[in-house]
2 protein chains.
Amino acid sequence: MVESFGSRLQEQLRERGPLCVGIDPSRELIEAWGRQDSVEGLEFFALAVLEAVIDTVAVIKPQVAFFERFGSPGYRVLERVMSDARDAHLMIVADVKRGDVGSTNDGYAQAWLSEESALRADAMTVSPYLGFDSLEPMLHLARATGRGVFVLAATSNLEGRVIQGARTRDDQTVESFVLDQIRRRNQLDEGLGSLGAVLGATRERPEFALETLGGPYLVPGVGSQGGTPEDVAKVFDRCPSNSVLVSVSRAILQAGPERSSLRDATRRWRDDVARALS
Amino acid sequence: MVESFGSRLQEQLRERGPLCVGIDPSRELIEAWGRQDSVEGLEFFALAVLEAVIDTVAVIKPQVAFFERFGSPGYRVLERVMSDARDAHLMIVADVKRGDVGSTNDGYAQAWLSEESALRADAMTVSPYLGFDSLEPMLHLARATGRGVFVLAATSNLEGRVIQGARTRDDQTVESFVLDQIRRRNQLDEGLGSLGAVLGATRERPEFALETLGGPYLVPGVGSQGGTPEDVAKVFDRCPSNSVLVSVSRAILQAGPERSSLRDATRRWRDDVARALS
């Protein structure tokens, strides 16, 4: 049997700490680095971040929207970044938040989770608006290949509350429904499961008992979005050790373009997050 | 002021009928056409569909998941298909169902709605799970460039019911909340607005008064998914004329690879849908 993504992630976090660095080559950040917002600027930015974090963290999270805005040449840059990251034994979470009906999700699974794809990642983020069961093709391929899926449950932004806090017929909030579905499916895995949840750091604790998920959490919203490592530690205090992956993007990226400043910011965040979560 | 997407669409549907042909180059369909599931197979498939429908319908809807599974070469094929479609004055709905926090949605808006992008479409589909207001960058750029956005409201698949039918604090269903948000924003436009809704044909009528949306509907689920043109006519009977875009994919695509069969199937569906909706 293939080792589950959850177990692989847990080992990596034990060795290198719980920080995930987001690679977000937005127009604003590329220009703040004094570069032109072009494919060349994109490539310079993404490779610089990769180089600066390569020996410091276990996981990177490219925000695919910022590559996609350059069309196929942007995806070519993403493929290069992913290939270099793989060579350096970094784990990759492709932040794509894909979600459609099942037959279409099979296409997305092939793109981000199949062995043959140049875009293959260790895990991808997905959105459950079309139904949790419609995600089955991603869940299935992830499990078969030792990869993972992080399903959006409760996000860090306030606007998400209306839908994520709505109540299902069984009087669960939508976010609790999603967490509960993840929990059920993780029971099939030994150790920490292949299925994780995206749960924002700036949120109050949901109704769901977080320590029962059986899989990892991906936690955005730390740094520029206002969450602190201490907030994260409080929300996830009962979860298994090394099952919480804390993602920081802008607060690190704005330290660029100097590699040494990027590296210092990464180390500082890694140590702060590790200390708070220990 | 730029003419709104809704008004442009309405003119096109008046001239060419309410059918939108989905371009879904899935592994299953490419192989059913007797081709290898490769970038070459993808390109053959997508261009054949385009050629077969070019004089028959107003709108095509590439399902981007099936291009993305080939990585950057797949996106290159998509760019070629979109460019050829633009040359032939076909309208393009990019079926991507993107949705993230606002700053990331700005990246997606640049990819699919900006004048400079090789991936620019007339409209894109988006997902509201992270909050309706987080979609603002897409809505803003769409309105500024005469383009459109179709927001997922109620989809055609059964698994979607739990979340789309959940109740917000104001005791609206999630789908009605989404439709209501679209309605409010369309009041800013003259004529039919830039903001549309995705509403499945196989669904019972939602609590929302559909004729008040002020924008177009994109209706999947017709054909292979079980919906009929008569179902669509019943659900949308009070909506303004030429504001309903009916999307058919597999039921047409499986007629290939012969161009004449594809063309015949397209014409048959176009006439059936037009008759039911008239």
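The structure we're discussing is the one just above.
As the structure is a prediction and not an experimental result, all values here were calculated from the model.

Got a minute to help me understand the relation of the copies chain A and chain B in this structure?
The operation relating the pair of chain copies consists of a rotation about an axis and a translation along that axis. When chain A is fitted to chain B, the best match, at an RMSD of 0.0 Å, comes from turning it 180 degrees and sliding it 0.0 Å along the axis. What the superposition gives is, in effect, a two-fold axis relating one chain to the other. Take the interface residues of chain A: 100% of them recur as interface residues in chain B, which is what a same-surface contact looks like.

Would you take a moment to explain the sheet that holds strand β3 (residues 91–98) of chain B for this structure?
Sheets are built from strands that pair by backbone hydrogen bonding, the pairs being arranged parallel or antiparallel. Residues and elements named next belong to chain B. Around the barrel, which closes on itself, the 8 strands sit in the order β1-β2-β3-β4-β5-β6-β7-β8 with parallel pairing between neighbours. Here the average twist between neighbouring strands, direction ignored, is 30 degrees. Pairing of strand β6 (residues 195–199) with strand β7 (residues 217–219) involves 2 bridges; the strand directions are parallel. By the bridge assignment, A197 is partnered in β7 with Y217. On the sheet, helix α3 (residues 39–53) packs against β1 (19–23) and β2 (59–62) and is oriented at approximately 165 degrees with respect to β1. Contacting β1 and β8 (244–248), helix α12 (residues 259–277) runs over the sheet at an angle of about 140 degrees to β1.

Help me out: how do you make sense of the interface of chain A and chain B in this one?
A common way to state how big an interface is: give the accessible area lost once the parts meet. Chain A puts 56 residues into the contact, and the matching count from chain B is 56 residues. Around 4,400 Å² of area is buried between chain A and chain B when both sides are counted, 57% of it from carbon and sulfur atoms. Broken down residue by residue, the surface that chain A buries against chain B is led by E68, Y129 and I163 of chain A, which jointly contribute 17%. Run the count over chain A and chain B and you get 4 salt bridges. Residue R98 of chain A is joined to E68 of chain B by a salt bridge in which the shortest nitrogen-to-oxygen separation is 2.8 Å. Between the two partners, chain A and chain B, sit 23 residue pairs in polar contact (both at pLDDT 80 or more). It is helix α6 (residues 102–113) of chain A that provides the largest number of residues to the side of chain A that touches chain B, a total of 8 residues.

Quick question: what am I supposed to make of the pattern of salt bridges here?
Under the counting rule described, the total for this entry stands at 42 salt bridges over all chains. The network of salt bridges with shared partners includes K61, D95 and K97 of chain A together with D100 of chain B.

I keep staring at empty space enclosed by the protein and nothing clicks. Help me out?
Rolling a probe over the atoms, with the probe sized like a water molecule, indicates the empty space that remains. Residue and element names in this part refer to chain B. This structure, assessed with the given rule, holds 1 cavity of 30 Å³ or more. Taken together, L210, E211, T212, L213, G214, G215, Y217, C239, P240 and S243 make up the lining of the largest cavity. Of the residues contributing to the lining of the largest cavity, the split by class is 5 nonpolar, 4 polar and 1 charged.

I tried to follow the nonpolar core on my own but got confused; where do I start?
Within soluble globular proteins, side chains that are nonpolar tend to cluster in buried spots. Counting residues in each nonpolar core, the largest one holds 193 residues, and the members touching the most others are W112, Y217 and F236 of chain A together with W112, Y217 and F236 of chain B. With residues near it in sequence (within four places) discarded, Y217 of chain A still touches F150, L179, A197, L199, F208, L210, F236, C239, S243, V244 and L245 of chain A.

Would you mind showing me how to read the packing of aromatic side chains here?
How two aromatic rings sit relative to each other is given by the distance of their centres and the angle of their planes. The tally for this structure, following the rule as stated, stands at 11 aromatic pairs over all chains. Geometrically, the ring pair formed by W33 of chain A and F44 of chain A is edge-to-face, given 6.3 Å between the ring centres and 85 degrees between the ring planes. Of this pair, W33 of chain A sits in the loop between α2 (27–32) and α3 (39–53) while F44 of chain A sits in helix α3, and the two are 11 residues apart along the sequence. A network of ring pairs unites the aromatic residues Y75 and W112 of chain A together with Y75 and W112 of chain B as a single cluster. The ring of F44 of chain A has R35 of chain A sitting right over it, with the charged end atom 3.6 Å from the ring centre.

Just checking my understanding: could you explain the packing of helix α6 (residues 102–113) of chain B against helix α7 (residues 136–145) of chain B for this structure?
Geometrically, a packed helix pair is captured by the angle between its two axes and the distance between the axes. Residue and element names in this part refer to chain B. Two elements in contact, α6 and α7, have axes separated by 8 Å at closest approach and are oriented at 30 degrees. Crossing of α6 against α7: the hand is right-handed. Of α7, the residues touching α6 (which contributes G102, N105, D106, Y108, A109, Q110 and L113) are P137, M138, L141, A142 and T145. Residue composition of the contact of α6 with α7, by class: 7 nonpolar, 4 polar and 1 charged.

How should I be thinking about the packing of α3 of chain B against helix α5 (residues 71–87) of chain B in this particular structure?
Residues and elements named next belong to chain B. Contact geometry of α3 with α5 gives a least axis separation of 10 Å together with a crossing angle of 15 degrees. Looking at the two axes, α3 sits roughly parallel to α5. The hand of the α3/α5 crossing is right-handed. Across the interface between the two elements, V39, L42, E43, A46, L47 and L50 of α3 pack against P73, G74, V77, R80, V81, D84 and A85 of α5. The residue makeup of the contact of α3 with α5, split by class, is 9 nonpolar, 1 polar and 3 charged.

Would you mind showing me how to read the sheet that holds strand β4 (residues 123–126) of chain A here?
Residues and elements named next belong to chain A. Strand order around the closed barrel formed by 8 strands is β1-β2-β3-β4-β5-β6-β7-β8, with parallel pairing between neighbours. Averaged over all neighbouring strand pairs, the angle between strand axes comes to 30 degrees, with direction disregarded. Two strands pair when backbone bridges link them, and strand β7 (residues 217–219) and strand β8 (residues 244–248) are joined in this way by 3 bridges, in the parallel orientation. Bridge pairing in β8 links Y217 to V244. Taken strand by strand, helix α1 (residues 5–16) contacts β2 (59–62), β3 (91–98), β4, β5 (148–154) and β8, and its axis lies near 130 degrees from that of β3. Its contacts with the sheet put helix α12 (residues 259–277) on β1 (19–23) and β8, and the angle it makes with β1 is roughly 140 degrees.

Sorry, what's going on with the pairing of β2 of chain B here?
Along any regular strand, the residues point their side chains to alternate faces of the sheet. Residue and element names in this part refer to chain B. Here β2 shows a buried face lined by V59 and K61 and a second buried face lined by I60 and P62. Of the pairings in the sheet, the one linking β1 to β2 comprises 4 bridges and is parallel in character. Each bridged residue has a counterpart across the sheet, and for G22 the counterpart in β2 is K61. Bridge count for β2 against β3 is 2 bridges, and the pairing is parallel. Opposite I60, over in β3, you have I92 as the bridge partner.

The rules behind the values
- Numbers given to residues run from 1 along each chain, matching the order in which its sequence is written.
- Each chain takes a letter, starting from A, and each ligand takes a number, starting from 1, following the order in which they are written.
- For a predicted model such as this one, the threshold for reporting local features is a pLDDT of at least 70, and the threshold for listing and counting side-chain atom pairs is 80 or more; totals across whole chains, interfaces and linings nevertheless cover every residue.
- Computation of side-chain values: all heavy atoms of the structure, hydrogens and water removed.
- The copies were overlaid with a least-squares fit restricted to C-alpha atoms from residues scoring a pLDDT of at least 70 in each copy.
- Contact definition: two residues touch when any of their heavy atoms are within 4.5 Å.
- The pairing criterion is simple: DSSP has to find at least two bridges between the two strands.
- Only DSSP runs of H or I with at least four residues qualify as helices, and only runs of E with at least two residues qualify as strands; both kinds are numbered from the N terminus onward.
- Axis definition: a line fitted to C-alpha atoms, limited for helices to the stretch in contact. Angles are taken between N-to-C directions and run from 0 to 180 degrees.
- By definition, the buried area sums, over both parts, the 1.4 Å-probe accessible area that each loses when the two are put together.
- Here a salt bridge means any side-chain nitrogen of Lys or Arg lying within 4 Å of a carboxyl oxygen belonging to Asp or Glu.
- In the analysis that follows, any N or O atom pair within 3.5 Å is treated as a polar contact, provided that within protein one partner can donate a hydrogen and the other can accept it, and provided that, for residues neighboring in sequence, both atoms belong to side chains.
- Think of a 1 Å grid over the protein atoms and nothing else: a 1.4 Å probe that fits but is trapped marks a cavity, an open set flanked by protein within 12 Å on at least five of seven lines marks a pocket, and residues with an atom within 4 Å of a point count as lining.
- Grid points are joined across faces, edges and corners, and a volume is the space filled by probe spheres set on the points.
- Classification convention: Asp, Glu, Lys, Arg as charged; Ala, Val, Leu, Ile, Met, Phe, Trp, Tyr, Cys, Pro as nonpolar; all other residues, Gly among them, as polar.
- In plain words, nonpolar cores are sets of buried Ala, Val, Leu, Ile, Met, Phe, Trp, Tyr and Cys residues tied together by side-chain atoms within 4.5 Å.
- Each residue gets one of three labels from its accessible area relative to the maximum for its type: buried under 20%, exposed over 50%, partly exposed in between, using a 1.4 Å probe on protein chains only.
- Only Phe, Tyr and Trp rings take part, Trp by its six-membered ring, and two of them pair if their centres are within 6.5 Å. Stacked means planes under 30 degrees apart, edge-to-face means over 60, and tilted covers everything else.
- Whether a charge lies above a ring is judged from NZ of Lys or CZ of Arg, which has to be within 6 Å of the ring centre and within 35 degrees of the ring normal.
- It is the rotation of the near helix from the far one that decides the hand of a crossing: anticlockwise by less than a right angle makes it left-handed, clockwise makes it right-handed.
- Note on terminology: angles under 35 degrees are roughly parallel, angles over 145 are roughly antiparallel, angles of 65 to 115 are roughly perpendicular, and the others are oblique.

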